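Okay, here's what each chain looks like letter by letter:
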Amino acid sequence: MTIQLERSTRPDDLTDLIARHPAGHSLEAPLYTSREAFGLDMAAIFTKHWLFVAAEAEVPEPGDFVTVQVGPSSVIVVRDDDEQVRAFYNVCRHRGSRLLDDARGSVGNLVCPYHRWTYNVDGRLLHADNQPAGFDCSRFGLKQVHVRSVGGFVFICLADEPPADFADVATRIEPYLAPYELGRTKVAHQVDIVEQGNWKLVMENNRECYHCDGHPELTSAYFPLHGYTADDVPPRLRRTWDRFEKAIADLRASCVRQGFPVDGMRELDERPTGFMIAHAPLDGAGKSYTAGGESVCRKRLGSIADDSFGDLHLHLQPNSWFHMLSDHAVVFSVLPLSPDTTLLRSTWLVHADAVEGVDYDVSTLTHVWSATNDQDSVFVARTQRGVEDPGYQPGPYSEVEGDVEAFVSWYVNRVRAHLATIY
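Colleague: Could you give me a rundown of the pairing of strand β3 (residues 73-79), with the residues and numbers involved?
Modeller: The buried count for β3 comes to seven of seven residues, which makes it a mostly enclosed element. Residue alternation in β3 divides its side chains into two sets, Ser73, Val75, Val77 and Arg79 and Ser74, Ile76 and Val78, and both sets are buried. The sheet contact formed by strand β2 (residues 64-70) and β3 spans six bridges and is antiparallel. By the bridge assignment for β3, Val70 is matched with Ser73. As consecutive antiparallel partners, β2 and β3 are separated by two residues, and within that stretch Gly71 has a phi angle of approximately 60°, a positive value. Pairing of β3 with strand β4 (residues 85-89) involves five bridges; the strand directions are antiparallel. Across the sheet, the residue bridging to Arg79 is Val85, located in β4.

Colleague: Describe the state of the cysteines, with residues and values.
Modeller: Under the criterion given, the structure shown has one disulfide. In this model Cys209 forms its disulfide with Cys212; the gap between the sulfur atoms is 1.8 Å. Classification of the bridge connecting Cys209 and Cys212 rests on its S-S torsion, roughly -115°, and on that basis the disulfide is left-handed. Assigned by exposure class, Cys209 and Cys212 land together as buried. Cys112 forms no disulfide, and the closest cysteine sulfur to it belongs to Cys92, at a distance of 3.8 Å.

Colleague: Report on the nonpolar core, specifying residues and quantitative values.
Modeller: With 69 residues, the main nonpolar core has Val70, Val77, Tyr289 and Tyr411 as its most contacted residues. Counting residues per element, this core draws most heavily on helix α8 (residues 402-422), which supplies eight residues. Residues within four places of Val70 in sequence aside, it is in contact with Met42, Phe46, Leu51, Ile156, Leu158 and Leu335. Ala55, Leu251, Leu316 and Leu349 belong to the second largest nonpolar core, which has 34 residues in total.

Conventions we followed
Residues numbered from 1 in each chain as written. Predicted model: local features only at pLDDT ≥ 70, side-chain atom pairs only at ≥ 80, totals over all residues. Heavy atoms only, no water. Buried < 20%, exposed > 50% of the residue type's maximum accessible area, 1.4 Å probe, protein only. Helix = DSSP H or I, 4+ residues; strand = E, 2+ residues; numbered from the N terminus. Pairing = 2+ DSSP bridges. Disulfide = S-S within 2.5 Å. Core = buried A, V, L, I, M, F, W, Y, C linked by side-chain atoms within 4.5 Å. Contact = heavy atoms within 4.5 Å.

This is how it looks when you write it as structure tokens:
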């Protein structure tokens, strides 16, 4: 029998933990385990930064919506009648009733189920019964949430004043995303997993391939070389490295032929909207995530002219990563549920005209990342149990965990910035 004792952490303790964090090491236990740290994360990170919440393909038509839970806040993301994506708090302006309960759907108008206040999908209040003469509907539209679409992906920010550098990041990454025409895709499959670990452990696990020996399905196509150089690649991966170098040369040549950006960018830890974008070849046929790297969908995305176009991957702090292939994209969002549970949402996108059963089948399309998600869930849960153990103390990162260190450095920097505004 295991008895788990909840660690209580005072606000000043959290400030000390952040202030004394040593570079190159994981965080101290309370930052992964305590309810107070979870509250700090919601205040410092998830209500202040841009969050990826949906692909535009999830709301393809006017009136289509998804709802997203960010801590205590429920947000409606909806396409309006002018085909613009908007976001609103899921709260009626009358007496606060929740407007929509479903995770997704389609509406003509947004009608409160309590007293029937009726809103247009652009947020305007259209009708409210039994109001006094002179009642001004224009004063009671839905409360807006900052929203921005970038290359077919929808981001929201709950802050009154969102980080201004997001516009710069969007401008810089859109040339990489534009050829995929992700706004002209459809959702082939989506799955939610509740991982038994703190959200930071979920993100840290994603940011490295030090553990990729635990992903046999993934490494049948993915080169497990993230973070390595020719000088430090271990002997067991030398033959893989040789194949990788040839594949890199072929991919760069294909980018040049198509006028596609060749070099990536990595600004993960110093700016409010930390990001990284890079283009890597795949093993085998180099086309997609399957055993041998073969295609999983017969229709290529957008204007991509080469089936063997590798994996364009994008990481954005604090909650998302994206993989764009010639034939599909798979995108991931992370939202905290509690100190030790996290929602991971995975969405597979294919060309809008692709036909299930003809151009692709869902099981083949999703096999690699479904298996990888399941395996990662186990790794995250094991790490959560470890950081809850009194025997845990922060350990050093390896030479191939630079992106993990960058994520943790970004987190520490952003929490410090937040604490500086309140103390």
